[in-house]
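Single-letter residue listing:
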Amino acid sequence: MISQSRGRIWEGTGRQVHWFILAYLLLLALPCMGFLPNFWSRVLTLSWDSRTHQYITEQAILNVTLETLRGGKKHQASHAEEQTRLDRGFWRAVGEVVKSNAAMDFLSSTRSDPVYHFDSEHVDSAIEMLRQFWAQTLLSVRAKEYQSARHSLGQLFHSLQDFYSHSNWVEMGQRFIYLHLLQPEEPAIPVAKEDTPTCMECFSVTCRDNLLPRLTSTQQDSRLLTTGYFSTFPPKPQGKCSHGGILDSSRYMGAKGGINKDSTSPFFSPHHYLHVEAATLATEATLSVLRDLRDTVGNKIFLRLFHVKQIPALVFVIDTTGSMFEEITAARLRAHSIIQSRASRPGQPGTFLLVPFHDPEVGPVYETDDPKQFMEHMENLMALGGGDEPEMCLSAIQLALTHSPPLSEIFVFTDASPKDAHLFDAVKALALEKKSKVTFLLTEDPNYTTESRVRWRRRRRRKRREALSSDRFSLYSSLSSLSGGLTIFTTNSDIHRVSTIVEDNTAADKVTLLHVESDQELMSSHIFRVDSSVRNVTLHVTGILIRCILTSPSDQSQSLLSEQSPLAEVERFDGLYRISLLSPMQPGQWKLQTKSDGHLIFNVIADSSIDFLYYFATVTNETHPGLARVEGSPVAGVPAFLVVAVTGLAPEEEVSFSHLTLLGGDGEIVQLVKLNSSSSSSSYSVEELVGWVDSVPRVSFYARLTGQDRRGNKLERVSTEMVQPTHVEIQVYSVPRLVPGHSTTVNFDILNHGPARPFSLTADDDCGYLHKRGPHRFHVAEQGSFRGQVDLHTPATAQAGATVTLTLTVHALDSPDSNYAVAYLTVVPPDPDTSPPSCSPTHVQSTCPSICNESSWTVSLVVSDRGRSGLAALQLQKGEGIVTLFHSLPPKEDSLGEAQSSPDQEQEHRDKTKSRDHDQQNKARLQKGDLPLNVSEWDLGSSQPLWVRYTSSCCSAQAELLVWDTAGNMKRCRLTSGQQRQPTDTSIDTSGAERITLTGVFVLLGLLCSFML
């Protein structure tokens, strides 16, 4: 179903962006800091030392990830080894969390809603929302829906961080995080009622002491929480505090002024002088959530969530009709070779994913982390039936894209054209959104040689398929071209050798040095650069070569089709040339001169940790200034920023990056975008750069990053996905949760940047929940907008935690203009359990003398679940003592006897007991290092409370017990010899420096000035 709403969109974008930035530079002449959406907010507000949402989130994820890699040890001499592991996949995953965080300030559905930002004293509703985000994150992680988990985690971080900046928590003198936000059993501070005044009048940009005395009280019994009102909704009652700052219209209403600590600039934050305290607490709260998440799901799953130490996934889409015996055999042998290769290397073997298809069956998807199980499944794959075409190939690719991680390489084995061509737009959208490459290995009849296939290409006929369309594989070629993959036409006899491309492309740390397509029949020349960081350079050329000459940086040449050595080794297959540069490789510019008979694709890959990610962004000036990421294809002919993240930089490397070149499909230069240069000697493995695009090109392009090392040698990397600028946008502004048995509406806007014209919209989802796919037709005025919606119905049998991938594609009916949006919707239970377990001390026995090894202490607890889920597991996280669990209240004499055990007896007891043992008195015992005890396996009545005793030597005065319920909620039970509440550790590991230094300030100022010229 589609509903309509039309309006005018912003015109004259480029000119206003220039004046907007210039106005900021003229307005803000004072140095300041900002607690704003992302790094560019620092530029727009001249907040060079700010701690933005982006900075806090990135630093917290980085620190907890390194902490996890080091096994929980917070201090280590060198972090270099761990940091070099944080590659493009890691920073892509972190970027998804950051994007979701920043979007809360940019999306029309969330930017003005006080619940998402702890505004307007909507504290209770915001806390409930926080806990829903936490529950949704856990559901998604447990279902291995990591992309959805990163999205909800970003939303959680934004609201959590806003609490410390928008409330009076800091003004009350609090130096620890507010545990009640995510732990209901922790003490809560009441919120000021609607008729309770909270602020006094403030008539200056800096508001000191404008909170009423009770709102700054440090006395526990008299404290009150408040948060500032923002703008005109909801209306601000008289005497309440405003958010404040030049973007808040409510600051003029009584009480005038404001209390936000988003920035240390008085123009944006009346309480700017408390920004650092607020940002420090926000950072500690973010770290606390990440550590809780890690302890709940385990180190392995936590690292997988952020794509740490992950070898590229092996993703096969295989046609299983009767003619595919050789192809299946080739895929099976190639998978075995890859698994054998990975087994000899440290680290995880990666994810293996298989999607079989024919007609009409597609799937099921088989996904595993176990290489042995994957090979067993491959062995059972049989080629049966079929014999005609087309087949359901695009449906299978859609499943592969939805189940595989971003940045994957997907390999399709088939000899048939697609029957489901209507899915092409949805599949293309998924490939571009995930930046995943799709490569097709298409087999012909074995009776045809290379020469006969050339004639077939010219005449477009085939004996057993004379009635079929000559361009039946064109959708495959289009999809591989757009995603940066290849389409290889080969034969059954060569498919095994051709499939070496799978092994080449799925090795770790692969980067692209050149990717270009050519239809020239005359001699053409293509250049790529080899730098000192690359190894194992391989060229893949698809098509028919007549002549091919390779020239090294020292002008040494080799005819690859007729000569052997000294530069490269050539393997010639039917449909593919595989060229490997021989060692030692000369750094510098290499040239490839070719002559062909038809279409060629050149792809040059190598091993290197240095790569990059990029996206387009536009300036937004709504509730917070910053750069809003452009989703889908960028709008042609309008100005935009280009944000580049260079990844995999080692601390000792000094590489500067000067520009990004936008290249057409044939490799021609479309536009050169200058980047703010910066010497990357930072200890971080990523560097963020920004460039200004005066006008987004009107033709399709891909990107090449250029830089140089400290020796002056040029370095180039290519991002192969093709960007297709357009004159229409589609923006999804509500991504609701899906509840089993209920219907849900997803709202979107279509923005027309061209003349008045008709459009068509098609929706698709991977689970079949949509009421109507479309196409839906509608008319949009010149420079106008259209508001619509699509409806989904979630069946009552839907599994909680599952993700539904919704793709929306819009087409102009009078031109090639089109665009797409992808939304990930999570299935949640109707009434999720967000209450963690509780642990209540019942008895403490501690007689610890000055000589600690002569005595022990004991704490007895009752552990129960406050929600409906029941207890799931317990684990001793910290402490050198022993945890004993009882089904029922232990006998008093047993309790006393064990409490008074000597250290020698305790050590003897520790040596004799192991995790999960059952003894004659119906007990279980745990000590540090044991795996979590599964309560349901030990005690079938997990809904009943457990009695727990912890006994330890006085030399180990603290301990921490983790308790989970079956919904994934976790409680940290902190135990001490005196059983007094221990304050949360606010020490924050902020290893490294901020990326924008004082030098960067002047560089960015110069860049901005150049934008104005």
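Refer to the preceding data block for the structure.
The model shown is predicted, which means the values in this text are computed figures rather than measured ones.

Quick look at the pattern of salt bridges now. Pairs can form between side chains of opposite charge once their charged atoms are near each other. If you walk through the whole model with that rule in mind, you get 33 salt bridges. A salt bridge links glutamate 96 to arginine 92; the shortest N-O distance between them is 3.0 Å. Pair noted here: glutamate 96 and arginine 92 are both in helix 5 (residues 88–106), with a separation of four residues, about one helical turn. Both residues of the pair, glutamate 96 and arginine 92, count as buried. Here aspartate 504 ties to arginine 578 by a salt bridge, and the two come within 2.7 Å at their closest N and O atoms. Linking aspartate 504 in helix 17 (residues 500–505) with arginine 578 in strand 14 (residues 576–581), this pair joins segments that are 74 residues apart in sequence. For aspartate 504, a relative accessible area of 10% gives the class buried. Taken together, the shared-partner salt bridges in this structure form one network comprising Glu67, Arg291, Asp292, Arg294, Asp295, Glu960, Arg972 and Arg974.

Turning to the packing of aromatic side chains, a few remarks are in order. Under the defined criterion, the tally for this structure stands at 21 aromatic pairs. Ring centres 5.3 Å apart and planes at 65 degrees place the aromatic pair phenylalanine 302 and phenylalanine 306 in the edge-to-face group. Each member of the pair, phenylalanine 302 as well as phenylalanine 306, is classed as buried. Seen in terms of ring centroids, phenylalanine 528 and tryptophan 590 are 6.4 Å apart; in terms of plane orientation they differ by 10 degrees. Their pairing is stacked. Note that phenylalanine 528 is positioned in strand 9 (residues 524–530) and tryptophan 590 in strand 15 (residues 588–596), a separation of 62 residues in sequence. Residue phenylalanine 528 is classed as buried on the basis of its relative accessible area, which comes to 0%. Here tryptophan 590 falls in the buried class, since its relative accessible area comes to 2%. Taken together, Phe118, Phe163, Tyr164, Trp169 and Tyr178 form an aromatic cluster joined through their ring pairs.

Strand order in this open sheet of five strands is 32-33-38-35-36, and the pairing throughout is antiparallel. The sheet is open, and its two edges are formed by strand 32 (837–846) and strand 36 (923–927), each paired on a single side. The mean angle between the axes of side-by-side strands here comes to 20 degrees, regardless of whether they run parallel or antiparallel. By the bridge criterion, nine bridges tie strand 32 to strand 33 (residues 856–865) in an arrangement that is antiparallel. Following the sheet pairing, cysteine 839 is matched in strand 33 by valine 863.

It is the contact of helix 3 (residues 53–69) with helix 7 (residues 146–166), at a shortest axis distance of 11 Å, that shows an interaxial angle of 115 degrees. Looking at the two axes, helix 3 sits roughly perpendicular to helix 7. In this structure, the crossing between helix 3 and helix 7 has a hand that is right-handed. The segment helix 3 lies against helix 7, with His53, Ile56 and Thr57 engaging Phe157, His158, Gln161 and Asp162. Looking at side-chain class alone, the contact of helix 3 with helix 7 contains two nonpolar, four polar and one charged residues.

Let's shift gears to the pairing of strand 38 (residues 946–953). Counting buried positions along strand 38 yields seven of eight residues, so the element is predominantly enclosed. As paired strands, strand 33 and strand 38 are joined by eight bridges and run antiparallel to one another. Directly across from tryptophan 857, in strand 38, lies its bridge partner serine 952. Note: strand 35 (residues 882–886) against strand 38, five bridges, orientation antiparallel. Across the sheet, the residue bridging to phenylalanine 886 is tryptophan 947, located in strand 38.

Moving on to the sheet that holds strand 11 (residues 545–551). One open sheet holds the four strands; their spatial order is 9-15-11-12, and the pairing between them is antiparallel. Of all the strands in the sheet, the pair left with one neighbour each is strand 9 and strand 12 (557–559). For this sheet the average axis-to-axis angle between neighbouring strands, irrespective of direction, equals 20 degrees. Both strand 11 and strand 15 contribute to a ladder of six bridges, which runs antiparallel. Its bridge partner being in strand 15, isoleucine 549 is matched across the sheet by glutamine 593.

It is worth spelling out the nonpolar core at this point. In terms of nonpolar packing, the biggest core is built from 63 residues, with Val317, Ile397, Phe440, Phe528, Val537, Leu550 and Leu581 touching the most fellow members. Discounting chain neighbours no more than four positions away, the residues touching valine 317 are Val355, Phe357, Ala396, Ile397, Ala400, Ile410, Phe411, Val412 and Phe413. Formed by 61 residues, the second largest nonpolar core is a distinct cluster that contains Ile61, Val64, Met129 and Leu160.

Let us look at the state of the cysteines. All told, the structure shown has five disulfides when counted by the stated rule. Paired by a disulfide, cysteine 202 and cysteine 207 hold their sulfur atoms 2.2 Å apart. For the disulfide bridge between cysteine 202 and cysteine 207, the dihedral angle about the S-S bond is near -95 degrees, and by the sign convention the bridge is left-handed. When sorted by exposure, cysteine 202 lands in the same class as cysteine 207, which is buried. By sequence-ordered numbering of the bonded cysteines, the protein has its disulfides arranged as 1-4, 2-3, 5-10, 6-8, 7-9.

Reading guide: rules and limits
- Residues numbered from 1 in each chain as written.
- Predicted model: local features only at pLDDT ≥ 70, side-chain atom pairs only at ≥ 80, totals over all residues.
- Heavy atoms only, no water.
- Salt bridge = Lys/Arg side-chain N within 4 Å of Asp/Glu carboxyl O.
- Helix = DSSP H or I, 4+ residues; strand = E, 2+ residues; numbered from the N terminus.
- Buried < 20%, exposed > 50% of the residue type's maximum accessible area, 1.4 Å probe, protein only.
- Phe/Tyr/Trp six-rings, centres within 6.5 Å; stacked < 30°, edge-to-face > 60°.
- Pairing = 2+ DSSP bridges.
- Axes fitted to C-alpha atoms, helices over the stretch in contact; angles between N-to-C directions.
- Parallel < 35°, antiparallel > 145°, perpendicular 65-115°, else oblique.
- Left-handed = near helix turned anticlockwise from the far one by under 90°.
- Contact = heavy atoms within 4.5 Å.
- Nonpolar A, V, L, I, M, F, W, Y, C, P; charged D, E, K, R; others polar.
- Core = buried A, V, L, I, M, F, W, Y, C linked by side-chain atoms within 4.5 Å.
- Disulfide = S-S within 2.5 Å.

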